[in-house]
Amino acid sequence: MNDRNPLSAELSRANLLDQAREVGEFAFSRREQAEKERRMPDDVVEKLRETGLMKLCRHRKYGGAEADPMTFLDVGREIARGSASLGWIYSVLGFHDWYMAFTSEKLQEEVWGKNPDAFVCDSFAPVGQIERVAEGYTLSGNWRFASGIEWSSWIAVGGIAVAPNGNEPEHLLFFVPREEVTVHDDWNTLGLKGTASRAVTIKPTFVPEHRAFALARVAGESRGKVVNDGPLWRIPLMTMQGLAILTPSIGIAQRVVEEFTSWTKARIRPYEHGAAAREAPAPQLALASAATQWDASWALAQKYAQEGWDRALSGETWVLSEEERAKYFSWRGYIGRSSIELSDQLFIGSGAMALFDSHPLQQLFRDVHSTGVHIGVDRADAYTSRGRVAMGFPGHAFH
């Protein structure tokens, strides 16, 4: 195993945030190239890889830091503040490193034994065609939204089949080497263009049993075993997955507030005899409103991460109740929608120059709306789910 690990030294949160800020700003400086090519420049992704920040939630056995979720959140916010797309790649692939600790040791060794810097992407939707065969499965199908596929060595794709040692069909993830996958350049989207979240096709291929993983089991009491278990893996699956989904939006929204502030300070209102925009009450009010909304979202995001960690440190293997699942889903819905609303408010207040592709606020506007379409932060489903549970009905399937 390669012993090189940028996280092997004791690094403070401040050190990690400095690294995150540096790589985020580097990505921000390359945003026009990323938009044009519809993928992050390779040197930006490699810079992120070299920091080791992608391993914050990985098991120490494979070079990870086993960092607490508050650090994962804080670093992701800082990266997304520089680049929404890079922040999405960091958060989503970082979550994959977390749940990989529940997979077979043989699979983990295949993925990271020879290449500890390898990325694993996935497409959860259980749309694959699966046939049970001796000692494994035959897998084929088409999947979409494979974020980070261009820089990943492995991809996990979803399908319905009987798991190893199982009796009933369930949602499994099947891990396949990148070279066995055909990638389709279909990522023509409103925002998050740099994620290159492309579609993939897998022709009939054999997947051995140890590469099949029942992810949903991690969410319940019978979660899998983790070698040298630590508190990070006592946190519920949906807490960690939800954290990965909400983190980019909070970082984008922070950058919106910052860009609006600097833009308004420099902006002149031509129909008001060259008056400075910063002197007008309307942008002052819009900024104060948006900044306060961001403060509330950030405080709630930190509380979301902290509650999971506190329960994990207690030694408890925490299984979310229906009420807790609905509550945390509603928190994610609030954060996701608030990030969009404050960004809308400031974009509208930025004037016509913000319409141009070259203006940072236009790209941020598109990116934050793109994060908001993920089901994990859908406010309508989230709030409905919490209300249903409060009235004694089952909540949303994703909560």
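See the structure printed just above.
Residues numbered from 1 in each chain as written. Predicted model: local features only at pLDDT ≥ 70, side-chain atom pairs only at ≥ 80, totals over all residues. Heavy atoms only, no water.

On to the overall build of the protein chain. Tallying secondary structure elements over the protein chain gives 11 helices and 9 strands in all. For 399 residues, the compact-globule estimate of 2.2 N^0.38 gives 21 Å, and the C-alpha radius of gyration of the protein chain, at 22 Å, lies within 12% of that figure. Taking as baseline every contact in the protein chain between residues at least 6 positions apart, the subset at least 24 positions apart corresponds to 74%. When the 44 basic and 51 acidic side-chain charges of the protein chain are each reduced to a single mean position, those positions are 2 Å apart. (Helix = DSSP H or I, 4+ residues; strand = E, 2+ residues; numbered from the N terminus. Rg over C-alpha atoms; globule rule 2.2 N^0.38 Å. Contact = heavy atoms within 4.5 Å. Lys, Arg positive; Asp, Glu negative; His and termini not counted. Charge placed at Lys NZ, Arg CZ, Asp CG, Glu CD.)

Next up on the list: the sheet that holds strand S4 (residues 169–177). Strand order in the open sheet made by the 7 strands is S5-S6-S2-S1-S3-S4-S7, with mixed pairing throughout. Unpaired on one side and paired on the other, strand S5 (182–184) and strand S7 (212–213) mark the two borders of the sheet. Relative to S4, strand S3 (residues 154–162) is paired through 9 bridges, and the arrangement is antiparallel. Along S4, the bridge assignment pairs Val157 with Phe174. Its contacts with the sheet put helix H5 (residues 84–100) on strand S1 (120–133), S3, S4 and S7, and the angle it makes with S1 is roughly 50 degrees. (Pairing = 2+ DSSP bridges. Axes fitted to C-alpha atoms, helices over the stretch in contact; angles between N-to-C directions.)

This part is about the packing of aromatic side chains. Tallying each qualifying case throughout the model produces 13 aromatic pairs. Look at Tyr99 and Phe213: their rings are 6.0 Å apart centre to centre, the planes differ by 15 degrees, and that puts the pair in the stacked class. Here Phe213 lies in strand S7 and Tyr99 lies in helix H5, a separation of 114 residues in the sequence. With a relative accessible area of 0%, Tyr99 lands in the buried category. Residue Phe213 is classed as buried on the basis of its relative accessible area of 8%. By the ring-pair criterion, three or more aromatic residues cluster together here, those being Phe95, Trp98, Tyr99, Phe102, Phe124 and Phe213. It is Arg77 that lies over the ring of Trp298; its NZ or CZ is 5.1 Å from the centre. Geometry around Phe28 places Arg255 over its ring, the cationic atom sitting 3.8 Å from the centre. (Phe/Tyr/Trp six-rings, centres within 6.5 Å; stacked < 30°, edge-to-face > 60°. Buried < 20%, exposed > 50% of the residue type's maximum accessible area, 1.4 Å probe, protein only. Lys NZ or Arg CZ within 6 Å of the ring centre and 35° of its normal.)

The next point concerns the side chain of Thr195. With respect to the element layout, Thr195 can be found in the loop between S5 and strand S6 (198–208). A polar contact is formed between the side chain of Thr195 and the side chain of Trp187, at a distance of 3.4 Å. When near neighbours in sequence (up to four residues on either side) are disregarded, Thr195 contacts Ser85, Trp88, Ile89, Ser147, Gly148, Trp151 and Trp187. (Polar contact = N/O pair within 3.5 Å; in protein donor to acceptor, adjacent residues only side chain to side chain.)

Our next topic: the packing of helix H7 (residues 237–266) against helix H9 (residues 322–348). At their nearest, the axes of H7 and H9 sit 9 Å apart, and the two run at 20 degrees to each other. Taken as axis vectors, H7 and H9 run roughly parallel relative to one another. Seen from above, H7 lies across H9 with left-handed handedness. On the side of H7, the interface is formed by Met238, Gly242, Leu246, Ser249, Ile250, Ala253, Val256, Val257 and Phe260, while H9 contributes Arg325, Arg332, Ile335, Gly336, Ser339, Leu342, Ser343 and Leu346. Tallied by class, residues from the contact of H7 with H9 come to 10 nonpolar, 5 polar and 2 charged. (Parallel < 35°, antiparallel > 145°, perpendicular 65-115°, else oblique. Left-handed = near helix turned anticlockwise from the far one by under 90°. Nonpolar A, V, L, I, M, F, W, Y, C, P; charged D, E, K, R; others polar.)

Side chains bearing opposite charge may pair, as long as their charged atoms lie close to each other. In this structure the tally under the stated criterion is 31 salt bridges. For Arg198, the salt bridge goes to Asp185, with nearest N and O atoms at 2.7 Å. In this pair, Arg198 is assigned in strand S6 and Asp185 in the loop between S5 and S6, connecting sequence segments 13 residues apart. Sharing partners across several salt bridges, the network here consists of Arg13, Asp18, Arg21, Glu25, Asp68, Asp74, Arg77, Glu78, Arg81, Arg255, Glu258 and Glu259. (Salt bridge = Lys/Arg side-chain N within 4 Å of Asp/Glu carboxyl O.)

We note that Glu66 has phi near 50 degrees; this positive angle belongs to a residue other than glycine. Counting through the fold element by element, Glu66 comes out in the loop between helix H3 (42–51) and helix H4 (69–82). Residue classification places Glu66 among the buried positions, given a relative accessible area of 13%.

Attention now goes to the nonpolar core. Nonpolar side chains in soluble globular proteins tend to be buried together. Grouped together as the largest cluster of nonpolar side chains are 111 residues, with contacts concentrated most on Trp98 and Phe175. Per-element accounting of this core gives the leading share, 13 residues, to H7. Setting aside anything within four residues of it in sequence, one finds Phe175 in contact with Tyr99, Met100, Thr103, Leu107, Val120, Trp154, Ile155, Ala156, Val207, Arg211 and Phe213. (Core = buried A, V, L, I, M, F, W, Y, C linked by side-chain atoms within 4.5 Å.)

In short, shape yes, function no, at least from these values alone.
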